[in-house]
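Coordinate analysis (summary)
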Amino acid sequence: MTRKLLAGMLLLGLAIGLSACRGFFTQAPVAVLDWSPKDAHEAPITITFDLSGSQDPDGEIVAWTLDFGDGSAPATGTDVTVPVEHTYQAEGTYTATLEVEDNAGKKDQDSVVITVMAPRVYFSSNRNSLWQIFRVKLDGTEEEGLWFGGITPALRWNTRDKLAVSLFDGTDWNLGVADVSDLALEHLDIQTYSEIQPTWYYNGSKLAFASDQAGNWEIWTVDYPWGIATAVTQLTVQTPDWALAPAYSPVNGDLVFVSSKGSGGPANGGSALWIWREGAAAPQLLYDSGGHDGAIDPGLGIVAGLPADGGLSTPAWSPDGTKIAFTSDRVDGHGGLDIWILDVATATAQNLNAFCGGSPNTGEDEFDPWWVETGDAIAFVRYDTSTLTYQVYLVDLNTGTVTQLSSAADSIGPASGSP
Ligand SMILES: [Ca+2]
Ligand SMILES: [Ca+2]
Ligand SMILES: [Ca+2]
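Remember, predicted model here, so these are calculated numbers, not experimental data.

Here the focus is the environment of Gly321. The topology assignment puts Gly321 in the loop between strand E24 (316-317) and strand E25 (323-328). Gly321 gets classed as buried once you look at its relative accessible area, which sits at 17%. Separated by 18 residues in the primary sequence, Gly321 and Ile339 have C-alpha atoms spaced 17 Å apart. Beyond its immediate sequence surroundings of up to four residues, Gly321 is in contact with Ser249, Pro250 and Val251.

As structure tokens, this is what we get:
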């Protein structure tokens, strides 16, 4: 009886002791932080964080905190199975740290390093005796040549991880897609014919481009990634008129292109902007002034066989998909070619100088507009009378201030991405 009582008291004491020290004896949770996309991307880039690898071996995770490492407020929650999105706004190397806490109050941390590159403008320049792709920061610094040639570069919307270009093989032009991180290049070679002016569908799943393989210039599409048995599809039938310079909207499947066809025949002044809205049975005329509107340049002659009144300059959407910058030689501009801004909903156009203030348009030729990621600047090309070359410039749409981005020789075809 006494022994039993003693044993009972000992057991009771042990139980109380274990209970009190429960936190001491339980196992800590394990924090596991994963993220995508992992390749370095240009700012702004939205990263999706996956916390679901975190677990607690003998209890449950009851709270987590995710510090993004960029000075913004950390995210908190209780459920590790729900992904967390965060947008990094600027170039930098950021350490994101996840801390998880279990039901016993024990904690663990896991950190990952996120690399975000500066936004850049890509362009083509022939300073090394071939048309080659260059890129430069938006302040004109860190200009660098990429190892491959090409014209009409286009960055994939949103992710800005792939750059589509048109490459010359000695006979005709072909499409290529370069990985922005390692510059590895994939070719889409269609011999005899030329493929130029690639543009990315808003979700990156296909490209539209201009090609002469139908006997005249029309807009074609190809799925991306393209397989070995690549199928290209003719989209427009503007014959006997031509179609060039396709530009997909960054926000939906609408496609703008340029054609010599007007509403009932030849375009007023030579060419006009057309739009093929997503899901529509046919394209429709969008805008037609008394001049060439859209695919013109000062006769650079880079691509053989372009129509006499057609050129390489492509229309450029604003990142929000409400406006289109385009080149026109209409007589009410500031002289030569000018850049104009079209409001898509009202189909009304405004000279870029009136749109942003300042004097991005001058008596020289301005063409090849590209709306940069932030939405508040447009890159473009101007003929420079002091050096007798074409140079890439950037106009700040808030101030009208113009900055020269390219440093030398003929530099055309600026492109960038869009958030
Ligand atoms: Ca080809
Ligand atoms: Ca026109
Ligand atoms: Ca001008």
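There's plenty left to go through after this.
A cis amide bond, omega 0°, links Tyr224 with the succeeding residue Pro225. Of note, the amide linkage connecting Thr239 to Pro240 takes the cis form, showing an omega dihedral of 10°. Following the sequence through the fold, Pro240 ends up in the loop between strand E19 (232-234) and strand E20 (243-248). Its identity is not glycine, yet Gln197 carries a phi of approximately 55°, on the positive side. With respect to the helices, strands and loops of the structure, Gln197 is situated in strand E16 (residues 195-200).

The next point concerns the nonpolar core. One finds Ile196, Leu244 and Val303 to be the most contacted residues of the largest nonpolar core, which totals 69 residues. If sequence neighbours within four positions are ignored, Val303 has contacts with Ile151, Trp173, Ile196, Trp217 and Leu312. Counting residues in hydrophobic clusters, the runner-up holds 23 residues, among them Ala75, Val80, Leu98 and Val100.

Here the calcium ion (ligand 1) is held by Asp172 (OD), Trp173 (O), Asn174 (OD1), Ile190 (O), Tyr193 (O), Glu195 (OE) and Glu195 (OE), and the distances to it run 2.1 to 3.0 Å. All donor residues of the calcium ion (ligand 1) come from one chain, and their arrangement in sequence is D-W-N-x15-I-x2-Y-x1-E. Within this pair, whereas Asp172 is found in the loop between strand E13 (162-168) and strand E14 (173-179), its partner Ile190 is found in the loop between strand E15 (185-188) and E16, the two being separated by 18 residues in sequence. Residue Ile190 is classed as buried on the basis of its relative accessible area of 16%.

It is worth spelling out the coordination of the calcium ion (ligand 3) at this point. Each pair of donors in an ideal four-coordinate tetrahedral metal site encloses 109.5 degrees, whereas pairs in an ideal six-coordinate octahedral site enclose 90 or 180 degrees. Coordination of the calcium ion (ligand 3) by the protein is provided by Gly335 (O), Leu337 (O), Asp338 (OD), Thr362 (O), Glu364 (O) and Glu366 (OE), with metal-donor distances spanning 2.2 to 2.4 Å. Here the calcium ion (ligand 3) is ringed by six donor atoms whose angles at the metal span 76 to 174°, and the overall shape comes out octahedral. Residue Asp338 is classed as buried on the basis of its relative accessible area, which comes to 1%.

Criteria and cut-off values
- Residues numbered from 1 in each chain as written.
- Chains lettered and ligands numbered in written order.
- Predicted model: local features only at pLDDT ≥ 70, side-chain atom pairs only at ≥ 80, totals over all residues.
- Heavy atoms only, no water.
- Helix = DSSP H or I, 4+ residues; strand = E, 2+ residues; numbered from the N terminus.
- Buried < 20%, exposed > 50% of the residue type's maximum accessible area, 1.4 Å probe, protein only.
- Contact = heavy atoms within 4.5 Å.
- Core = buried A, V, L, I, M, F, W, Y, C linked by side-chain atoms within 4.5 Å.
- Donors = N, O, S within 2.8 Å, 3.2 Å for Na, K, Ca; no water.
- Tetrahedral: all angles 85-135°; square planar, octahedral: opposite > 155°, others 65-115°.

Shape descriptors only; they carry no functional weight alone.
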